[in-house]
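Topology and contacts: notes
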Amino acid sequence: MPGSFSSGEAWPEGAPPGNPEGYGPLELLVIQPTPYCNLDCDYCYLPSRNDRHRLSMEILDAALERVLESPYLGGDFTLLWHAGEPLTLPISFYDEAGEHIRRAQERWAGPPLEIRQSVQTNAMVINDAWCDCFARNRIHVGVSLDGPAFLHDRHRRTRTGLGSHAATMRGIAALQRRGIHFQVISVLTEEALHHPEAMFHFFVDNGIRDVAFNMEETEGENLQSTLSRPNTEALYTQFLERFWQLWQERPEEMRVREFEGLCYLAGSDSRIERTDMNNPFAIVNVDARGNFSTFDPELLSVHTEEYGDFVLGHVQRDSLASIVATEKFQLIQRDLRAGIARCRAECEYFGVCGGGAGSNKYWEHGSFDCSETQACRYRIKLTSEVVLAGLESMLGLPAA
């Protein structure tokens, strides 16, 4: 998934021709190789996890063409294989896809352009053959791992109810054996908040050096997050405070996305004006059948009462620019902008998040035209308070 902290950079020299609104620049192309997943995680937001449809190379070619021809392309970007379990498709699929990506780059007539590949996986099938595939196609790997087995296996189970931790750790061992860098993304549920020491030491003891936290969200198929239980905001704060303390004792052992992102903003006195989640065409999402959207990747596969689905076009029929004038895009964009304006006017944390993610606003409030969400209280406000207090303590500043 996209990082929590986006620079929200505008075009360096104003909007290019054909893009008077200054949308983008495109940084992330999320492509669903298949909706199918070999796990049945109880907090997953995705529907249709039994659907074994497979992305065709014709759809991939069309998706790349739509991006490369668009006025929203500003330079290098990342193609992220995501949504479903990408590695349920064979190695041959990614070798073939890599060749199609290379041909698309060769056809590109503009300045030198790199399309970086990344995959978000549960790592259960990773072995030496998969590592060879990642290496020759230069695919960066993100692994979904919720910490030690007693936490991970509580929520991340197979379709027959078995825990997946052992298989994921075998995949991680293969990556480590081959020297392939990976980042772990851990979902924080209410249960995890009681175990900051166990999680920290598990990561360190297993040589996991790059960690990011995603909170369990009320979203899509997951109608109720365990973080909605009483007193969990206090638990979340205590978890982060303890994890920060442990991290400060051994900062060389691990990168923590949330801490480093906020430390950078504080140290550079930077502020975020918008995030890739609410900036049109900073992210383009394509499902396995060729339907595409922009904004949050989490919105593509869901249907809502207020907005219908979030499919804005099809890569074999529609250009990216052509959907801007459609009624659906205009409705989504209008409500998102209204919600961003509310955040800017009402929230002192606006410079940390740039107005938040529309998917959280919709699933918690039924509209994009709103401000605070539970997700932003956890991910932005509580985390910011912990990090700023930690930095003040490190610098010997008096408590406010």
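Cut-offs applied
Residues numbered from 1 in each chain as written. Predicted model: local features only at pLDDT ≥ 70, side-chain atom pairs only at ≥ 80, totals over all residues. Heavy atoms only, no water. Phe/Tyr/Trp six-rings, centres within 6.5 Å; stacked < 30°, edge-to-face > 60°. Helix = DSSP H or I, 4+ residues; strand = E, 2+ residues; numbered from the N terminus. Buried < 20%, exposed > 50% of the residue type's maximum accessible area, 1.4 Å probe, protein only. Lys NZ or Arg CZ within 6 Å of the ring centre and 35° of its normal. Core = buried A, V, L, I, M, F, W, Y, C linked by side-chain atoms within 4.5 Å. Right-handed = clockwise from strand over helix to strand, strands pointing away. Polar contact = N/O pair within 3.5 Å; in protein donor to acceptor, adjacent residues only side chain to side chain. Contact = heavy atoms within 4.5 Å. Axes fitted to C-alpha atoms, helices over the stretch in contact; angles between N-to-C directions. Parallel < 35°, antiparallel > 145°, perpendicular 65-115°, else oblique. Left-handed = near helix turned anticlockwise from the far one by under 90°. pLDDT = per-residue confidence, 0-100. Pairing = 2+ DSSP bridges. Nonpolar A, V, L, I, M, F, W, Y, C, P; charged D, E, K, R; others polar. Expected span 1.5 Å × (residues − 1). Salt bridge = Lys/Arg side-chain N within 4 Å of Asp/Glu carboxyl O. Disulfide = S-S within 2.5 Å.

1. Some points on the packing of aromatic side chains
Enumeration according to the criterion identifies 26 aromatic pairs in this entry. Measuring from ring centre to ring centre gives 5.4 Å for Trp81 and Tyr94, while their planes differ by 85 degrees; the resulting arrangement is edge-to-face. Placement of Trp81 in strand S2 (residues 73–81) and of Tyr94 in helix H2 (residues 91–107) is noted, with a sequence separation of 13 residues between them. Relative to Phe243, the ring of Phe239 has its centre 5.7 Å away and its plane inclined at 25 degrees; by these criteria the two rings are stacked. In this pair, Phe239 and Phe243 are both assigned in helix H7 (residues 232–249), 4 residues apart and thus about one turn of the helix distant. Taken as a pair, Phe239 and Phe243 share a single burial class, namely buried. One aromatic cluster is present, formed by Tyr23, Tyr72, Phe281, Phe295 and Phe329 through successive ring pairs. The ring centre of Tyr36 lies 3.9 Å from the NZ or CZ of Arg52, which sits over that ring.

2. Notes on the nonpolar core
Ranked by internal contacts, the top residues of the largest apolar core, which has 104 residues, are Trp81, Phe134, Phe203 and Phe243. Counting residues in each nonpolar core, the second largest holds 9 residues, with Leu39, Tyr45, Leu46 and Ala83 among its members.

3. A closer look at the pairing of strand S4 (residues 139–144)
Looking down a regular strand, the side chains alternate between one sheet face and the other. Among the 6 residues in S4, 5 count as buried, and that is most of the element. What joins strand S3 (residues 115–121) to S4 is helix H3 (residues 128–137), and the crossover it makes is right-handed.

4. Some points on the environment of His100
Looking at where His100 falls in the secondary structure, it is placed in helix H2. Classification of His100 by relative accessible area gives buried; the value is 12%. Taking C-alpha positions, His100 is 19 Å from His314, a pair spaced 214 residues apart along the chain. Within the structure, His100 has its side chain in polar contact with the side chain of Asp61 (distance 2.7 Å).

5. Quick notes on helix H6 (residues 196–205)
Since the α-helix packs 3.6 residues into each turn, any two residues three or four apart lie on the same face. Buried within H6 we find Pro196, Met199, Phe200, Phe202, Phe203 and Val204. Looking at the packing, one finds that the buried side of H6 touches helix H4 (149–155), helix H5 (165–177), strand S5 (182–188), strand S6 (210–215) and H7. Positive backbone phi, approximately 65 degrees, marks Gly207, located one or two places after H6.

6. A word on the packing of helix H1 (residues 57–69) against H2
Packed helices, taken two at a time, are described by the angle between their axes plus the distance between the axes. Relative to each other, H1 and H2 sit at 30 degrees, their axes nearing to 10 Å. Between H1 and H2, the angle falls in the class roughly parallel. Like other packed secondary-structure pairs, H1 and H2 cross with a definite hand, here right-handed. Between H1 and H2, the residues in contact are Met57, Leu60, Asp61, Leu64, Glu65 and Leu68 and Phe93, Glu96, Ala97, His100, Ile101, Ala104 and Arg107, respectively.

7. Here's the deal with the confidence of the model for the protein chain
Residue-level pLDDT values for the protein chain average 91, and 95% of them are 70 or greater. Low pLDDT, under 50, characterises residues 1–9; the stretch is placed with 33 contacts to residues that sit more than four places away or in other chains.

8. Some details on unusual backbone geometry
Cis geometry marks the peptide bond from Gly24 to Pro25, where omega comes out at 0 degrees. Turning to its location among the elements, Pro25 is positioned in the segment before strand S1 (26–31).

9. Details of the sheet that holds strand S7 (residues 255–256)
Taken in spatial order, the 10 strands make up an open sheet running S7-S6-S5-S4-S3-S2-S1-S8-S9-S12, and their pairing is mixed. Of all strands in the sheet, those with a lone pairing partner are S7 and strand S12 (313–314), marking the two edges. The sheet contact formed by strand S9 (residues 291–294) and S12 spans 2 bridges and is antiparallel. Among the inter-strand pairings, Phe292 is bridged to a residue of S12, identified as Gly313.

10. Digging into the packing of H7 against helix H12 (residues 374–394)
Packing of H7 against H12 leaves a shortest axis separation of 10 Å and a crossing angle of 40 degrees. When the interaxial angle is binned, H7 and H12 end up oblique. In this structure, H7 meets H12 at a crossing whose hand is right-handed. Taking contact as the criterion, the partners of Thr232, Glu233, Tyr236, Thr237, Leu240, Glu241, Trp244 and Gln248 in H7 are, on H12, Arg377, Tyr378, Leu382, Thr383, Val386, Val387, Gly390, Leu391 and Met394. Looking at side-chain class alone, the contact of H7 with H12 contains 9 nonpolar, 5 polar and 3 charged residues.

11. So, H2
When the terminal C-alpha atoms of H2 are compared, their 25 Å separation across 17 residues agrees well with the 24 Å that a helix rising 1.5 Å per residue should span. Burial in H2 covers these residues: Ile91, Phe93, Tyr94, Ala97, Gly98, His100, Ile101 and Ala104. On its buried face, H2 sits against H1, S2, S3, H3 and S4.

12. Topic: the pattern of salt bridges
Note that side chains of opposite charge can pair when their charged atoms are close. According to the stated counting rule, one finds 25 salt bridges in the structure shown. A salt bridge links Asp76 to Arg116, with the nearest nitrogen and oxygen atoms 3.9 Å apart. Placement of the pair is Asp76 in strand S2 and Arg116 in strand S3, with a sequence separation of 40 residues.

13. Side note on the state of the cysteines
A covalent bond bridging the sulfur atoms of two cysteines is what the word disulfide describes. Applying the stated rule across the entire model yields 0 disulfides. For the unlinked cysteine Cys343, the closest cysteine sulfur is that of Cys353, found at 5.9 Å. Among the residues examined, Cys343 registers a relative accessible area of 8% and is labelled buried.

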